[in-house]
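Given next are the chains, with one letter for each unit.
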Amino acid sequence: MGCTAQDVIAALRAGAATVAEHRDELIELDRVIGDADHGENMDRGFRAVVAKAETAAPETPGGVLKLCATVLISTVGGASGPLYGTAFLRAAAAVGDASELDGAAVAKAVQAGLEGVVARGRAAAGDKTMVDALTPAVEAAKSAAESGESPAKVLAAAAEAAHRGAQATEPLVARKGRASYLGERSAGHIDPGARSTALLLSAFAEASGARS
């Protein structure tokens, strides 16, 4: 079963609910190594995304992803808005005007999202950023897609890998972003951007799996 525009909206709705549920956790993670605003910014941004998507109702998955990017860039403060916005914008461009997305297209979107984040943030795997969650997510998504898996299973594979990647940021010393100012003191804490990335991918996977 392909992933339609309405399915993408449903996934974003699930993502917004997950971000709201974990808002305080994300604030706390960011408090110790950042500006303590990641949870609040993400919550505000995804609430705005859902409100806009449900009224504008784009007709293609790419249209929904592009709308998401625009809203996040305009409503989310700090580094998260531009980074997530660029990720969704690149994902939108990757899927084009297709009316439905198969597993391969979803994997392509995840990869494009990673490429956008890398281009915008100039971070690499091991720098203790959301790239550490997205990089293994892309590899897992590709592998699942190459096996002919559905969009839901591609996203599930990506989410599982992203959670492992996010957890693996805990012992790292940050080399990018606000956390890098702390030097060695940034070790011992999970990166909030990597955590929110994993949470969103899990929500997207669960929403996709619920309809398949």
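Residues numbered from 1 in each chain as written. Predicted model: local features only at pLDDT ≥ 70, side-chain atom pairs only at ≥ 80, totals over all residues. Heavy atoms only, no water.

1. Notes on the overall build of the protein chain
When helices and strands are counted, the protein chain shows 9 helices and 0 strands. When the elements of the protein chain are put in sequence order from the N terminus, they spell out α-α-α-α-α-α-α-α-α. In terms of overall dimensions, the protein chain has a C-alpha envelope of 45 × 35 × 30 Å along the principal axes. Once local pairs closer than 6 in sequence are excluded, the contacts in the protein chain between residues at least 24 apart make up 70%. If you sum the accessible surface of the protein chain, you get close to 9,200 Å²; carbon and sulfur atoms cover 52% of it. (Helix = DSSP H or I, 4+ residues; strand = E, 2+ residues; numbered from the N terminus. Contact = heavy atoms within 4.5 Å. Areas by Shrake-Rupley, 256 points an atom, 1.4 Å probe, with all protein chains shown as cover.)

2. Let's talk about empty space enclosed by the protein
If you walk through the whole model with that rule in mind, you get 1 cavity of 30 Å³ or more. In this model, the largest cavity occupies a volume close to 430 Å³. What lines the largest cavity is a set of 24 residues, and nearest its centre among them are L65, F88, V110, L201 and F204. The set of elements that each furnish at least two residues to the lining of the largest cavity consists of α1 (5–21), α5 (80–95), α6 (103–121) and α9 (192–211). (1 Å grid on protein atoms, 1.4 Å probe; cavity = no way out; pocket = protein on both sides within 12 Å on 5 of 7 lines; lining within 4 Å. Points joined across faces, edges and corners; volume = space filled by probe spheres on them.)

3. Quick look at the environment of L83
Note on placement: L83 falls in helix α5. Taking the relative accessible area as the measure of exposure, L83 reaches 17% and is therefore buried. For L83 and D132, which are 49 residues apart along the polypeptide, the C-alpha to C-alpha distance reads 14 Å. What L83 contacts, discounting residues up to four positions off in sequence, is V117, R120, G121 and M130. (Buried < 20%, exposed > 50% of the residue type's maximum accessible area, 1.4 Å probe, protein only.)

4. Digging into the packing of aromatic side chains
Under the defined criterion, the tally for this structure stands at 1 aromatic pair. Ring geometry for F46 and F88: centres 6.3 Å apart, planes at 65°, overall edge-to-face. Of this pair, F46 sits in helix α3 (residues 38–56) while F88 sits in helix α5; the two residues are 42 residues apart in sequence, bridging distant segments of the chain. Comparing F46 with F88, the two get one shared label, buried. (Phe/Tyr/Trp six-rings, centres within 6.5 Å; stacked < 30°, edge-to-face > 60°.)

5. Describing unusual backbone geometry
For A36, which is not glycine, the phi torsion reads 65° and is therefore positive. Here A36 is to be found in the loop between α2 (23–33) and α3. For A36, a relative accessible area of 29% translates into the label partly exposed. Phi is positive for A57, which is not a glycine, with a value near 45°. By secondary structure assignment, the location of A57 is in the loop between α3 and α4 (61–75).

6. Re the nonpolar core
Ranked by size, the top nonpolar core spans 59 residues in total, and within it L12, F46, L72, F88 and F204 carry the most contacts. Breaking this core down by element, the ones donating at least two residues are α1, α3, α4, α5, α6, α7 (131–146), α8 (151–167) and α9. At 8 residues, the largest contribution of residues to this core is made by α7. When residues no more than four places from it in sequence are discounted, the contact partners of F46 are L12, A16, V19, C68, L72, F88 and L200. (Core = buried A, V, L, I, M, F, W, Y, C linked by side-chain atoms within 4.5 Å.)

7. What about the pattern of salt bridges?
Enumeration over the complete set of coordinates arrives at 10 salt bridges. A salt bridge links R31 to E28; its shortest N-O distance comes to 2.7 Å. Taken together, the residues span about one helical turn, with R31 and E28 both in helix α2 at a distance of 3 residues. Through salt bridges that share partners, R23, D24, E40, D43, R44 and R47 make up one connected network. (Salt bridge = Lys/Arg side-chain N within 4 Å of Asp/Glu carboxyl O.)

8. A short note on α3
Given a rise of 1.5 Å per residue, 19 residues ought to cover 27 Å, and the 26 Å separating the end C-alpha atoms of α3 matches this to within 8%. Every buried residue of α3 is accounted for by H38, G39, N41, M42, D43, G45, F46, V49, V50 and A53. Just past α3, the residue A57 takes up positive phi, approximately 45°. (Expected span 1.5 Å × (residues − 1).)

9. Re the layout of surface pockets
In this structure, the largest pocket encloses a volume near 570 Å³. For the largest pocket, the lining is made up of 27 residues, of which A79, S80, L83, G177 and R178 are closest to its centre. Elements supplying a minimum of two residues to the lining of the largest pocket: α2, α3, α5, α6 and α9. Tallied by class, residues from the lining of the largest pocket come to 10 nonpolar, 10 polar and 7 charged. (Nonpolar A, V, L, I, M, F, W, Y, C, P; charged D, E, K, R; others polar.)

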